[in-house]
Each structure stands twice: as C-alpha cells, then as structure tokens.
Amino acid sequence: MSEHRSETRLVEAGRRREWTHVDAAKGGIVSPGVWRASTVLFDDVATMHASWPPETGKFQYGRSGTPTHWALSEALTSLEPGAQTTRLFPSGAAACAAALLSVLAAGDEVLMVDSVYGPTRAFCDGMLRRLGVATRYYDPLIGPGIADLIGDKTKAIFLESPCSLTFEVQDVPAICAVAKARGIVTMIDNTWATPLLFPAIAAGCDMSILACTKYIGGHADVMLGSVTATAALAKKLDLATRALGQTAGPDDCWLALRGLRTLDVRLRRHEENGLRVARWLKDQPQVARVLHPALPDCPGHEYWSRDFKGASGLFAFVLDGGDAAAAARLIDSLELFGIGYSWGGFESLAVPAEPTRTATHQDWEGPIVRLHIGLEHPEDLIADLAAGLARL
Ligand SMILES: *Cc1c(COP(=O)(O)O)cnc(C)c1O
C-alpha cells in the first residue's frame, strides 16, 4: 500500500475486502460501514481464548475495535511512511496525553516545546507533575541546540510544528537526530500539517499525533484523536492505550474515515485560499505582520520551505498597535468568520490568539488574530476582512 502516492493511499487505505464484502458472493460496499459492538460472540470457549491478544482484523471485545476502527487506523498508518501502528482516542487532547504517558515514568523529564497547544501544557504542569514527571520548556526555534538541554532524566522530546497560535516552524529533523543519538523518544503534534503535508515519522519522529477533530474529520462535527508510531514504540503505545482504557466511538471513526477520503483536495483548497488571504493581509496598513509558515515573516519559515509539502488554512496576523479590545471589535464585526474554538472544518473562523498567557519565551508586539480559512470564495473573505479593518 505505502508504495503508492499519498493521494492514492487516501482512496485505497482501510478498504480491506473482508470489511466491505462481508458476504463476498453477494457483492460489497465501497467503504466499511459502522460496526458498533461491546460484546463479541464466539462459537466456543477455545475460540474465545484464541481471540487474545487483540490485533487488527481479529474480533475480541468492543474496546479492541471493530472493522470501522481498524480501517481508520490502517488508513492513518499508511499516510506515515515508516510507521507501524495507529491507536485511536476520543479526542486529540487524549491522544497527546496517552503518547506522553506511554513513555514517561516518575523521575523522568520531558522537553516540551514552549509554544505547545494549551491543554497539552496543562497536562504536563498538572497531571505529569503530580506523577513525578518534570517538564522543561524549550524555544521552538532551538534546533540542534536542544542537545544542551538534555540530561540524564530526559526521556522524551515533544514537538509541535508549526504551533497553532504563533506558527513557529521547528527544525524537526535536527531535533530528532539529536534525540535519536541519545536514545530519547520524539513525539510530534502534527495536527496543522497532517501527514500529507509533513510525514513526521519519515522526518525522524517516533510518534505522530493528530487531533483528527480538525482536518481529518474536516466538517466540525467529530471529536477524535490518533497516535501513529514506529515499530519500536508500538508496544509501549499499545500498553498505555489499553491501560488507560482508551477507545473511540465507531460513528466518530466512520466520520473521520469519510473525511479522510477528501483530505487531499480540501487541504489544497485551504492552502490556496489561506495564502490568498494571508498575502492580502500582508499589504494592509493596519497589519504589522502575518504569521503564516509559507511567508518569510513567520519564524522558522526556512524549515517549512525545506520540509513541508504545503500549507494548511490556519495562520495568524498581528495588528499594528491597538489592544485586545480592538482585536475583539474586529473579530466581532466579521460576517463570514465564526467565532469559536477548534479549526480544520470547511468553514472560516477568527479568534484572538493570546500566546503570552501560556508561553514563557516570547513577547509579541500587538494583539494577534488567528484565522482559519475555509472553503468559501477567498475574495468574499477578503471583502469581509477589508470592511472589518476599515472600521477599526
Ligand atoms: C485541537 C488541538 C488538539 C486537541 O484536539 P481535541 O480533539 O480538540 O482534543 C491538540 N493539538 C492541537 C494542535 C490542536 O489544535
């Protein structure tokens, strides 16, 4: 499967014949259906015992999945060349937590990118700390300098590139090379790019985490997360997932699988629309800076140019002066942009980004507005933003 190009893998992956042609003599369907199950029934006790240990394609118990889960897992794994397995979670936040718990124990330290998604930071400062795991935050632009922060207790490095508020792009291959030489596990929150735009395992990461809630689902109607891992980390990930009792609903997996089939075309349009709006914003007098990984003003832009196959539709801009109230007025006045958490759906969104509330390393000049550019016509979005900026 993985020798095909990613567009083809998106179409083919997870459509095993035994999941679509349940009674092959009578034909079959294109996509695996929604298989809901808790109890699995066996013909006899010996068959029940033989169902252990659970694995893809083998019914055991609802928590170990059904063809709906297996199809999505297999499809996500096939998008990350070099990966062996994918585990599914009820949210992206749960996926981040499980990845960390799969390799960390009391007395260990994790190096965490300072611009990380807020709830991941809260998990480190709260739960991990309580369990005796220390977190040390590092500058997203540290690159190979990460070597200086590694100590005897460092067991994992967590990356997020670009981050989802201020969009610093990390030198992922350099950090992973340092980690590999020291036997330290690397895991990346790859939600912004998805494996289509940044195959993270091939870039050297041991685990690639997605909030499937965003672009994989793509329609703002599902909560789901995934962790994809190399063969070396598969067992640890599996043990942690089972110990935590994590599983995902089959209806949500089915929605994610449906979203996945069109991921490539959607991302291309998000990129095109997003860049059109970003380039327009760059020329507006009320805008100090546009933080879009594909534009040179974005910290780490050179790594995006070197490592990524494209951009998604999420970026931010910094207003030239003004305060949080001005940013709020602008956002409130927009007609085509929804105001709300999350992103990655077909619709455009605008929110204030307040990174100084969490990140320790940066000082931003003015209020930041984060945009998710959806699939509307970009000229309509630009007209909406133009009217909003004019009212400022
Ligand atoms: C949304 C998000 C998450 C969490 O995903 P949920 O499904 O909302 O729990 C994790 N990381 C990033 C970068 C996100 O944007």
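Residues numbered from 1 in each chain as written. Predicted model: local features only at pLDDT ≥ 70, side-chain atom pairs only at ≥ 80, totals over all residues. Heavy atoms only, no water.

Close contacts around the ligand come from Ser 91, Gly 92, Ala 93, Tyr 117, Glu 160, Asp 189, Thr 191, Ala 211, Thr 213, Lys 214, Met 223 and Trp 343, and that covers them all. Here an oxygen atom of the ligand and a backbone polar atom of Gly 92 are 2.8 Å apart. For the ligand, an oxygen atom lies 2.8 Å from a polar atom in the backbone of Ala 93. If the ligand stood free it would expose 380 Å²; the protein chains cover 93% of that surface. A per-class count over the shell around the ligand returns five nonpolar, four polar and three charged. (Near = heavy atom within 4 Å. Polar contact = N/O pair within 3.5 Å; in protein donor to acceptor, adjacent residues only side chain to side chain. Areas by Shrake-Rupley, 256 points an atom, 1.4 Å probe, with all protein chains shown as cover. Nonpolar A, V, L, I, M, F, W, Y, C, P; charged D, E, K, R; others polar.)

Here we take up helix H11 (residues 263–282). Residues spaced three or four apart along an α-helix point in a common direction, a consequence of the helix completing one turn every 3.6 residues. Here H11 is 20 residues long and its end C-alpha atoms lie 28 Å apart, about the 28 Å a rise of 1.5 Å per residue gives. The set of residues buried in H11 consists of Leu 263, Asp 264, Arg 266, Leu 267, His 270, Asn 273, Gly 274, Leu 275, Val 277, Ala 278 and Leu 281. (Helix = DSSP H or I, 4+ residues; strand = E, 2+ residues; numbered from the N terminus. Expected span 1.5 Å × (residues − 1). Buried < 20%, exposed > 50% of the residue type's maximum accessible area, 1.4 Å probe, protein only.)

Moving on: the domain arrangement of the protein. Examined at the domain level, the protein breaks down into domain 1 (6–260) and domain 2 (263–390). Facing 38 residues of domain 1, the contacting portion of domain 2 comprises 41 residues. Summed over the three residues of domain 1 that lose the most area to domain 2, namely Trp 192, Leu 197 and Tyr 215, the buried surface amounts to 22% of that side. On inspection of domain 1 and its partner domain 2, the count reaches two salt bridges. The shortest N-O distance in the salt bridge between Arg 268 and Glu 7 comes to 2.8 Å. Remark: the boundary between domain 1 and domain 2 carries 15 residue pairs in polar contact (both at pLDDT 80 or more). The element contributing the most residues to the side of domain 1 that touches domain 2 is helix H8 (residues 194–197), with three residues. When the residues that make up the side of domain 1 that touches domain 2 are grouped by side-chain class, the tally is 20 nonpolar, 11 polar and seven charged. (Domains from an automatic or database assignment. Contact = heavy atoms within 4.5 Å. Buried area = accessible area lost by both parts, 1.4 Å probe. Salt bridge = Lys/Arg side-chain N within 4 Å of Asp/Glu carboxyl O.)

Let us now look at the UniProt feature "modified residue: N6-(pyridoxal phosphate)lysine" (unreviewed entry) in the protein. Those residues carrying the UniProt feature "modified residue: N6-(pyridoxal phosphate)lysine" (unreviewed entry) are Lys 214 in this numbering. Among the structural elements, Lys 214 can be located in the loop between strand S6 (207–211) and strand S7 (225–229). (UniProt positions renumbered as here; feature names shortened; annotations may be inferred.)

Right, let's get into the sheet that holds strand S8 (residues 287–291). The strand order across the open sheet formed by four strands is S8-S9-S11-S10, and the pairing between neighbours is antiparallel. Two strands bound the open sheet, and with one partner strand each, they are S8 and strand S10 (349–353). With direction set aside, neighbouring strand axes in the sheet form an average angle of 25°. (Pairing = 2+ DSSP bridges. Axes fitted to C-alpha atoms, helices over the stretch in contact; angles between N-to-C directions.)

It is worth spelling out the packing of helix H5 (residues 92–103) against helix H9 (residues 231–243) at this point. Following both chains from N to C, one finds H5 and H9 inclined at 115°, their axes separated by 8 Å at the closest point. The element H5 and its partner H9 pack so that their crossing is right-handed. Counted together, Ala 98, Ser 102 and Val 103 of H5 and Leu 233, Lys 236, Leu 237 and Ala 240 of H9 form the full contact between these two elements. (Left-handed = near helix turned anticlockwise from the far one by under 90°.)

Turning to the nonpolar core, a few remarks are in order. The biggest cluster of nonpolar side chains holds 113 residues, and the ones touching the most others in it are Leu 100, Ile 157, Met 187, Leu 260 and Leu 371. The element best represented in this core is H5, accounting for eight residues. In this structure Met 187 touches Ala 99, Leu 100, Val 103, Ala 156, Ile 157, Phe 158, Leu 159, Met 207 and Ile 209, once residues within four positions along its chain are discounted. (Core = buried A, V, L, I, M, F, W, Y, C linked by side-chain atoms within 4.5 Å.)

Take Lys 180: it is sitting in helix H7 (residues 172–182). A residue is classified by how much of its surface remains accessible, and Lys 180, at 51% relative accessible area, is exposed. Along the chain, Lys 180 and Gly 204 lie 24 residues apart, while their C-alpha atoms are 8.2 Å from each other. Once residues lying within four places of it in the same chain are set aside, the contact partners of Lys 180 are Gly 204 and Asp 206. A polar contact of 3.0 Å, which involves the side chain of Lys 180, links it to the backbone oxygen of Gly 204.

Turning next to the sheet that holds S7. In a beta sheet, neighbouring strands pair by backbone hydrogen bonds and run either parallel or antiparallel. One open sheet accounts for seven strands, arranged S1-S7-S6-S5-S4-S2-S3; its pairing is mixed. With one partner strand each, in any of the chains shown, strand S1 (85–89) and strand S3 (134–138) form the two edges of the open sheet. Strand after strand, the sheet turns through a mean of 20° between neighbouring axes, direction not considered. Relative to S3, strand S2 (residues 109–113) runs parallel, the two sharing five bridges. Within the sheet, the bridge partner assigned to Val 110 lies in S3 and is Thr 135. Sitting on the sheet, helix H4 (residues 67–78) touches S1, S6 and S7, and the angle it makes with S1 is about 125°.

The linkage connecting Trp 52 with the following residue, Pro 53, adopts the cis geometry, with an omega of -5°. With respect to the helices and strands, Pro 53 occurs in the loop between helix H3 (45–50) and H4. Look at the link from Ser 161 to Pro 162: it is a cis peptide, with omega at -10°. Summarising the element assignment, Pro 162 is placed in the loop between strand S4 (154–160) and H7. The backbone of Thr 194 sits at a positive phi, close to 60°, despite the residue not being glycine. On the secondary structure map, Thr 194 appears in helix H8. For Thr 194, a relative accessible area of 1% gives the class buried. Of note in this structure, Ser 342 is not a glycine but carries a positive phi near 75°.

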